[in-house]
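So the chains spell out like this:
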Amino acid sequence: MDLIAQLEAEQVAALGHDIPDFKAGDTIRVGFKVTEGTRTRVQNYEGVCISRKNGNGIAGSFTVRKISFGEGVERVFPLHSTNIDSITVVRRGRVRRSKLYYLRTRRGKSARIAEQSNYRAPNAKETV
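Residues numbered from 1 in each chain as written. Predicted model: local features only at pLDDT ≥ 70, side-chain atom pairs only at ≥ 80, totals over all residues. Heavy atoms only, no water.

Q: Let's hear about the side chain of D26: which residues, and what values?
A: Here D26 lies in the loop between helix 1 (3-15) and strand 1 (27-36). Of note is the side chain of D26, whose polar atom sits 3.0 Å from the backbone nitrogen of K23. D26 has contacts with G47, V48, C49, R91, R92 and G93, leaving out every residue within four places of it along the chain. (Helix = DSSP H or I, 4+ residues; strand = E, 2+ residues; numbered from the N terminus. Polar contact = N/O pair within 3.5 Å; in protein donor to acceptor, adjacent residues only side chain to side chain. Contact = heavy atoms within 4.5 Å.)

Q: Mind laying out unusual backbone geometry, listing which residues take part and the relevant values?
A: With a phi close to 60°, N54 is a non-glycine residue in the positive phi region. If you trace the backbone, N54 turns up in the loop between strand 2 (39-53) and strand 3 (61-68). Looking at N54, the relative accessible area reads 57%, which means it is exposed. A positive phi angle, close to 55°, is found at F69, a residue other than glycine. (Buried < 20%, exposed > 50% of the residue type's maximum accessible area, 1.4 Å probe, protein only.)

Q: How would you explain the nonpolar core if you had to name every residue and give the values?
A: Core analysis: the largest hydrophobic core is formed by 13 residues, its most contacted members being F22, I28, V30, F62, V64, F77 and I84. Looking at which element gives the most residues to this core, the answer is strand 1, with four residues. Residues within four places of V64 in sequence aside, it is in contact with I28, V30, Y45, G47, V48, C49, V73, E74, R75 and F77. Counting residues in each nonpolar core, the second largest holds five residues, with A24, L100, L103 and I113 among its members. (Core = buried A, V, L, I, M, F, W, Y, C linked by side-chain atoms within 4.5 Å.)

Q: Tell me about the pairing of strand 2, residues and numbers included.
A: Sheet topology places strand 1 next to strand 2; 10 bridges connect them, and they run antiparallel. Its bridge partner being in strand 2, I28 is matched across the sheet by G47. Looking at chain direction, strand 2 and strand 3 are connected through five bridges and run antiparallel. For C49, the partnering residue across the bridge sits in strand 3 and is V64. (Pairing = 2+ DSSP bridges.)

Laid out in structure tokens, this is it:
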């Protein structure tokens, strides 16, 4: 392992975030800390993850797209941000691409993503 990757791994371990295994096509719910004046609250942002960038490294980010009042809204979240309270996977999507930018031009039924029913977590132990 080279020096830069080792430093990044140490920084990610020091943050101590528990990030679930998700990829493009999954519907996720991101609990984002919003500060209004002196108060801080957690606001959920739920939508389809359309891209992941830079893997699980310290510079990693992901883009979530949702439809709000008939208008498509996209938001880019840094993966290891201190403002992210939680990331929850709502449903797993079955897609064959890593970037789903084509969803920007789709509406209605053509924008649906099939659900993956046979998902197994990586490094899962088999029970017999």
